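# Results of the structural survey
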Amino acid sequence: MIRIGVNLAAGLGTPGSGNLIDDLVTVAREVAAAGVPTAWLPQGYGYDAIGVLTALAREVPGIELGTSVVVVQPRQPRVLAGQALTAQAAAHGRFTLGLGVSHPGLLEIYGQPFHRPVAALRAHLDTLLPILDGHQVPGATGPGSDPAASAVPGATVRVPVLLGALGPTMLRLAGERTDGTITFLAGPRTIGDHVVPSIGAAAREAGRPTPRVVVGLPVAVTATPDRIRAELSAEYAGYAELPSYRAALDRDGFTEPGAIAVVGDEDAVGDQLSAYSALGATDVLVSLVGTAEERARTLRLLGAVGYPTSAAAAPGTAPHGTRDH
């Protein structure tokens, strides 16, 4: 059985109150009421994903919350650590921090060049991870170097960290240093033959637990799967031109990005999601697609096929200080 999560920013639509936070609270409540154990939120160019989830944590009890993903280059790691610990305190241990490095042509909106992204992420983790674990940052001096100075009372459960990783170097870093990966536009061949073996080997060599593999997929319970695939191919056309996603689609033999969609009736969708579990994925991060009726039908199915909320304990629920780097 695979843990199911829903992308709050895609598919469900919002009530349109004029207040983003109020609308996302409504959506998150709908997801939780359906029995889906996890809600994810990508970082947009406007709202702050960690801030939104901090608010949702107080309004929607019981559901796991995660970012998918926050781009690290524009963010100072100590500030990001403080945000994550604050979210974890608000969520009472239900928050997961997903991080990424963006893509050429997209990062520049932050005034940051896309230069040596893996090195930038590695350096970020060198500061971020010790703070999240309540340790001193290596080489840090001065009054702020005391781990107590960065502590957030109430954040007694460590913050699991996942990386948006598809390439071999990023997957190795994810396995060596973090709790797993979040993928996008990665189909069954990429997950089973590349992602799971690569990150798993890196984790074993580093003496770390089996990593979490969160597979991002568009999903629709529908009677017209070809229509859904065509719509997604148009919507995802720009993503499919980015090198990392193009490589994943090519590995799966998908000419069009819509081919990755999990579509069909309830039995077909359930079987396709189960197949990812058999490949070693631990989670599916669902973007609901299709008409409002199709999205509602899909959400009902997702609540039935995933772990119940009470069983969806996230990795990394040990107190601070239990992970070595």
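Presented here is a report on the structure given in the accompanying data block. Computed from a predicted structure; not experimentally measured.

## Overview of helix α11 (residues 266-278)
Across its 13 residues, α11 extends 18 Å between first and last C-alpha, which sits within 8% of the 18 Å expected from 1.5 Å per residue. For α11, the full list of buried residues reads V269, G270, L273 and Y276. Buried residues of α11, viewed axially, fall in a sector of 115°; they line one side. Exposed side chains of α11 directed beyond 90 degrees from the buried face belong to D267, D271 and A278. Turning to α11, the residues buried within the fold contact β1 (3-7), α7 (188-205), β8 (212-221), β9 (262-264), β10 (283-288) and α12 (292-305). Its side-chain oxygen placed 3.2 Å from the backbone nitrogen of D267, D265 serves as the N-cap of α11. Looking at the residues trailing α11, positive phi occurs at G280, about 110°.

## Remarks on unusual backbone geometry
Here the bond from S68 into V69 is cis, since omega is 10°, no more than 30 degrees from zero. Examined against the element boundaries, V69 turns out to sit in the loop between β3 (64-67) and β4 (70-71). We note that H92 has phi near 55°; this positive angle belongs to a residue other than glycine. For H92, the position within the fold is in the loop between α3 (77-91) and β5 (95-100). With a phi close to 55°, L185 is a non-glycine residue in the positive phi region. Mapped onto the fold, L185 is located in the loop between β7 (180-184) and α7.

Rules used in this analysis
- Residues numbered from 1 in each chain as written.
- Predicted model: local features only at pLDDT ≥ 70, side-chain atom pairs only at ≥ 80, totals over all residues.
- Heavy atoms only, no water.
- Helix = DSSP H or I, 4+ residues; strand = E, 2+ residues; numbered from the N terminus.
- Expected span 1.5 Å × (residues − 1).
- Buried < 20%, exposed > 50% of the residue type's maximum accessible area, 1.4 Å probe, protein only.
- Arc of directions from axis to C-beta.
- Contact = heavy atoms within 4.5 Å.
- Polar contact = N/O pair within 3.5 Å; in protein donor to acceptor, adjacent residues only side chain to side chain.

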